[in-house]
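# Close look at the chain arrangement
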Amino acid sequence: MKNNSSLKGLLIAVAVFIIAFGIYFLFLAKKNYYVVDNPTPNTYYYKINNGSEGIVAGGQFVHIDLNQGKNSIKVFDQNKKLLYDSAFEVNKIRGLINIAHQDYYVNDQYYGYNLKKDSLLLALDKTMIDGKAYYGGARRFNKLYTEDFYYNVDEDYDKIIKNIQQVESRSKIFRKQDYLNYYKEYYKF
């Protein structure tokens, strides 16, 4: 067989392409999953779609699998007494089940060049939490299920998002106390 440089170049390009995608999917790709979260000190038992029983202890979260479309959940207290039986609709690739119906806040963090964070936050709505106004327009959530966010409770915002030509935002869902801690640390008014 002759020394064909075109074929060698093609094989090298294909190998680099496969390695690049492997690195992306192993280390860089954002994982999509659903979470049952419990910010209270109580322990809850649950059954999703009449499957096996799950448990979520106080202050913890559990990664679960959900089906697209209608799902059902039965929630029990620590004595395994039925608290409620409910249904919810799954349309997106990540979501949060608020098993204890506590307050969560979905906050948008803005990225981009020439971003004036303080003036941007002052222009957005205020959110009242425990009688105090917080800038930034965080949205309160306390229903059973939501999927209207980008980062889940167990994820952090990206430190830097590259190649942004204009101002963009990413939303994250916080437990109430986690949002108050984040707000105090991140925003200096």
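Before reading further, recall that the structure is shown in the block above.
These notes cover the structure that comes with them.

This next bit is on the sheet that holds strand β12 (residues 145–146). Overall, mixed pairing links the 4 strands, which are arranged β4-β1-β7-β12 in an open sheet. With one partner strand each, in any of the chains shown, β4 (60–64) and β12 form the two edges of the open sheet. For strand β1 (residues 34–38) and β4, the ladder comprises 5 bridges, and the chain directions are antiparallel. In the strand pairing of β4, V36 is matched with V62.

In the structure shown here, the tally under the stated rule is 13 aromatic pairs. Judged by centre distance (4.7 Å) and plane angle (85 degrees), the ring pair of Y150 and Y151 falls under edge-to-face. On the basis of relative accessible area, Y151 is assigned to the buried category, the value being 3%. With a centroid separation of 5.3 Å and 10 degrees between ring planes, the pair formed by Y182 and Y186 is classed as stacked. Remark: Y186 and Y182 occur in helix α3 (residues 176–186); sequence separation between them is 4 residues, near one turn of the helix. A residue is classified by how much of its surface remains accessible, and Y182, at 14% relative accessible area, is buried.

Thresholds applied
- Residues numbered from 1 in each chain as written.
- Predicted model: local features only at pLDDT ≥ 70, side-chain atom pairs only at ≥ 80, totals over all residues.
- Heavy atoms only, no water.
- Pairing = 2+ DSSP bridges.
- Helix = DSSP H or I, 4+ residues; strand = E, 2+ residues; numbered from the N terminus.
- Phe/Tyr/Trp six-rings, centres within 6.5 Å; stacked < 30°, edge-to-face > 60°.
- Buried < 20%, exposed > 50% of the residue type's maximum accessible area, 1.4 Å probe, protein only.

The values reported here are purely geometric and, on their own, carry no functional implication.
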